[in-house]
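Listed below, chain by chain, are the residues.
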Amino acid sequence: QVQLVESGGGLVQPGGSLRLSCAASGKIFGINRMGWYRQAPGKERDLVAIIPSGDSINYADSVKGRFTISRDNGKNTVDLQMNSLKPEDTGVYYCNYHTIFGGDYWGQGTQVTVSS
């Protein structure tokens, strides 16, 4: 079973930066959408950013201008550059791959904590 593995989380002060990365443990065919989601304590999992193949990138309003999502189709990886981090960005960040065959893959999550 192919799994997604996130890396790059951690503790950072407000105003700081982190870069999250996601890679698959094996080959996934037909990926058409990659994305990042986050789940704050006591809340539901929400979209942070998605990058479809060929369409425009979408960001949650709360991260526009601060976060940048990028993908490497050759390596099947997706990154999330997070700048000007705020305490409200704290949560568990999950990457997601969606395929043209209806496949939906999730990582195990990586903790991001923004605190002074």
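Since the model is a prediction, treat every value here as computed from it, not as a measurement. (Residues numbered from 1 in each chain as written. Predicted model: local features only at pLDDT ≥ 70, side-chain atom pairs only at ≥ 80, totals over all residues. Heavy atoms only, no water.)

*Asks:* Any chance you could break down the pattern of salt bridges for me, citing the residues and the numbers?
*Replies:* Close approach of charged atoms allows side chains with opposite charge to pair. Under the defined criterion, the tally for this structure stands at four salt bridges. Salt-bridge contacts for Arg38 lead to Asp89; the nearest nitrogen and oxygen are separated by 2.9 Å. In this pair, Arg38 is assigned in strand β4 (residues 31–39) and Asp89 in the loop between β8 (77–82) and β9 (91–99), connecting sequence segments 51 residues apart. In the salt-bridge network here, residues are joined through shared partners; they are Arg38, Arg66 and Asp89. (Salt bridge = Lys/Arg side-chain N within 4 Å of Asp/Glu carboxyl O. Helix = DSSP H or I, 4+ residues; strand = E, 2+ residues; numbered from the N terminus.)

*Asks:* Requested: an account of the pairing of strand β7 (residues 67–72), with residues and values cited.
*Replies:* The side-chain alternation of β7 yields one buried face, formed by Phe67, Ile69 and Arg71, and one unburied face, formed by Thr68, Ser70 and Asp72. Alignment of β7 against β8, held across six bridges, turns out to be antiparallel. Across the sheet, residue Asp72 finds its bridge partner in β8, namely Thr77. If you look at the hairpin formed by β7 and β8, you'll find four residues sitting between the two strands, and Asn76 has a positive phi there, around 55°. (Buried < 20%, exposed > 50% of the residue type's maximum accessible area, 1.4 Å probe, protein only. Pairing = 2+ DSSP bridges.)

*Asks:* Summarise the environment of Asp61; cite the residues concerned and give the values.
*Replies:* Counting through the fold element by element, Asp61 comes out in the loop between β6 (58–59) and β7. We classify Asp61 as exposed; its relative accessible area is 65%. Along the primary structure Asp61 and Ala49 are separated by 12 residues, whereas in three dimensions their C-alpha atoms are 9.6 Å apart. Within polar-contact distance, the side chain of Asp61 engages the side chain of Lys64 at 3.0 Å. (Polar contact = N/O pair within 3.5 Å; in protein donor to acceptor, adjacent residues only side chain to side chain.)

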